[in-house]
Amino acid sequence: MDRSRRQVVKLMAGVLAALGLEGLFARRARAKSLFKSPVHTNYLRPPGAVPEEIFPAKCIRCGRCAEVCPYKSIRPLDLQAGVYAGTPMIDVTDVPCWLCMKCVEVCPTGTLRRVEQKEVRMGVAIIDKHACMTWKGAGLLCRTCYNVCPFKETAIKLDELRPVVVSDACVGCGLCVHGCPVTLENGKKAINVEPIYAFEPVKWS
Amino acid sequence: MKSSRQNQPDRKKEGVKGRGMRYGTIRFLTLLSAFCLIVAAPILNTRYQFDFIQGWFQSLSIGNLWFVSPLEGLESILTSRMIYGPLLVGMAMPVVLALLLGRVFCAWICPISFFSDLLDRIIRLVTRRRYRRAGDPLPRRIFWFALVFELLLAMVLGTPIFVFLSPPGLVGRELMMAVMFGTLAVEGVMVIAVLLMHLVSKRFFCRYLCPLGALLGFIGSKRRLKVTYDSDACIECGICKNACPLSLDPGKGETSSAYCWNCGECIDSCKTGALRFKWRNFSA
């Protein structure tokens, strides 16, 4: 009896030490909200993702999508993301998505829904006409975003040599963002993907 | 070391067991190969684009065969309140395994078991003590409360929280992070904490806190494969009780309880052959 009590005391000391260590790492996490979705401009979910409302509930953080991604576009979030920790994210300014759809095939929970390439809606690209060199008319005819788009002439068109996004067809893969040569002071590009679909309400069907 | 060598010929002379290898050895080899699998999978996937085997013990696929950890799957269903067919199919196989064989995942596959056994083997080599008694620092019921608490917490937070408290899955994720990004995730501290707990009180996390173990134990409470006890052959030496990593007493029939994970340590330790694995038929 005495011996087992000593064991409990030793154990609690061990747990406290571990928690202290954990707290050291998590100090920065506390500053941020632990329940706020990490998705924002150019920081997106992989293709076919369910809305943010249920994403952290459905995803079991198995990391299979990150493991299978041949471009290493997908990175799991760390513990600082709170409830969202371990869920997959794509920073399209770093590595965009080439829509190989392998992550969609391996997801065991249906968090990444099986959709076709053209049905992917990671977000929608929006051109900042005050930053785009072609739109500003600085004598440059850059059309990198148009050239790299996987759905050229469908999702992005040229209007008098200036790029125009067709919002209904844009999949939000971020290839244009990655290709864009203009980087603003706040880290944004002259074309950015806004994750407008991530915050749609869930359809219970 | 010396005492164990002395014991070995005794057992052979008595000829109680017709097996060549101890269950402990087979189990350690199984644990080792299971660990090698989850080390090899991310390396093969990310370096060589070989995707026949993917994932680890949160979700594993071998070709088209899918496994999903039942607890993670259950939590995903509970927290999202949605049923996804392929998820259920992936969960089916581990559930059937637990129904038939009990908590064998814990004892024979789980990487935490591998690390703990490795530590035990090292300790045994250093201290030359054959058994490190597990002891009962807490009531065993805590195991079930831990599962229920954890499921409720997951539902309150709306996130399958087990993924951060699941050392078997964490080991795999840490390995992937290490292979792919050259970093380790912070939640890996959990693995170290669990192993430290193991050093203080044998298999503390596995016995009292692991919700996956509790779920598998619950599913396997009416399992077919059990360690049976022959009271006629038993000389009540009590070695089996010392050998059990979960501190169960086979002499009291505790190997039939939901807690037993069929590791076979008690069978290995028994000198008289009073304990053995027995398959209970469906009619019985």
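Cut-off values and rules
- Residues numbered from 1 in each chain as written.
- Chains lettered and ligands numbered in written order.
- Predicted model: local features only at pLDDT ≥ 70, side-chain atom pairs only at ≥ 80, totals over all residues.
- Helix = DSSP H or I, 4+ residues; strand = E, 2+ residues; numbered from the N terminus.
- Buried ≥ 20, exposed ≤ 12 C-beta atoms within 10 Å, placed from the backbone.
- Pairing = 2+ DSSP bridges.
- Axes fitted to C-alpha atoms, helices over the stretch in contact; angles between N-to-C directions.
- Expected span 1.5 Å × (residues − 1).
- Contact = placed C-beta atoms within 7 Å.
- Nonpolar A, V, L, I, M, F, W, Y, C, P; charged D, E, K, R; others polar.
- Core = buried A, V, L, I, M, F, W, Y, C linked by C-beta atoms within 7 Å.

**Some thoughts on unusual backbone geometry**
In this model, R61 of chain A sits at a positive phi of 60°, which is unusual for a non-glycine residue. Residue placement: R61 of chain A occurs in the loop between α2 (55-58) and α3 (64-68). A tally of 30 C-beta atoms within 10 Å means that R61 of chain A is categorised as buried. Positive phi values are uncommon outside glycine, yet S247 of chain B reaches one of about 60°. Positionally, S247 of chain B belongs in the loop between α13 (239-243) and α14 (265-269). We classify S247 of chain B as partly exposed; it has 19 C-beta atoms within 10 Å.

**Some remarks on the sheet that holds strand β2 (residues 59-62) of chain B**
All names here are of chain B. The strand order across the open sheet formed by three strands is β1-β2-β3, and the pairing between neighbours is antiparallel. Edge positions in the open sheet fall to β1 (53-56) and β3 (65-68), since each of these has one partner strand only. Shown here is a sheet whose adjacent strand axes are inclined to one another by a mean of 15°, direction ignored. In the sheet, β1 pairs with β2 via four bridges, with the strands oriented antiparallel. When the sheet's bridge partners are listed, I53 is paired in β2 with I62.

**A word on the sheet that holds strand β3 (residues 88-91) of chain A**
All names here are of chain A. The strand order β1-β3-β2 describes an open sheet built from three strands, whose pairing is antiparallel. Strands at the two margins of the open sheet, each flanked by one partner only, are β1 (43-44) and β2 (74-76). Two elements, β2 and β3, share three bridges in a ladder whose sense is antiparallel. Looking at the pairing, R75 lines up with M89 of β3.

**Considerations on helix α6 (residues 111-127) of chain B**
All names here are of chain B. Here α6 contains 17 residues, and its C-alpha end-to-end distance of 24 Å stays within 8% of the 24 Å for a straight helix at 1.5 Å per residue. What α6 keeps buried is the set P111, I112, S113, F114 and S116. Looking at the buried positions of α6, the neighbouring elements they touch are α2 (23-48), α5 (104-108), α9 (167-181) and α10 (189-200). Downstream of α6 by a residue or two, R128 has a phi angle that is positive, lying close to 60°.

**Comments concerning the interface of chain B and chain A**
Every contact between the two is made by 44 residues of chain B and, on the other side, 33 residues of chain A. Considered class by class, the residues forming the side of chain B that touches chain A number 23 nonpolar, 16 polar and five charged.

**Observations regarding the environment of V148 of chain A**
Residue and element names in this part refer to chain A. Mapped onto the fold, V148 is located in helix α6 (residues 144-148). Among the residues examined, V148 registers 18 C-beta atoms within 10 Å and is labelled partly exposed. Sequence separation between V148 and G174 is 26 residues; the distance between their C-alpha atoms is 9.7 Å.

**Some remarks on the environment of P181 of chain A**
By the secondary structure assignment, P181 of chain A is in the loop between α7 (175-179) and β7 (191-194). Apart from residues no more than four positions distant in its own chain, P181 of chain A is found in contact with C142 and T144 of chain A.

**Re the nonpolar core**
Within the largest apolar cluster, 117 residues are counted, with the highest numbers of intra-cluster contacts made by C65, C103, C176 and I191 of chain A together with F205, C266 and L275 of chain B. When residues of this core are assigned to their parent elements, the largest contribution, six residues, is made by α9 of chain B. Apart from residues no more than four positions distant in its own chain, I191 of chain A is found in contact with A125, I127, D128, C132, C145, C176, V177 and C180 of chain A.

**Brief notes about helix α3 (residues 70-80) of chain B**
Along α3 of chain B, nine of the eleven residues are buried, which leaves the element largely enclosed by surrounding structure. Listed in full, the buried residues belonging to α3 of chain B are P70, L71, E72, G73, L74, E75, S76, T79 and S80 of chain B. Where the residues of α3 of chain B are buried, they touch α2 of chain A together with β3, α4 (85-101), α7 (142-157), α8 (162-165) and α12 (211-219) of chain B. Immediately beyond the C-terminal end of α3 of chain B, within one or two residues, lies R81 of chain B, with a positive phi of roughly 55°.

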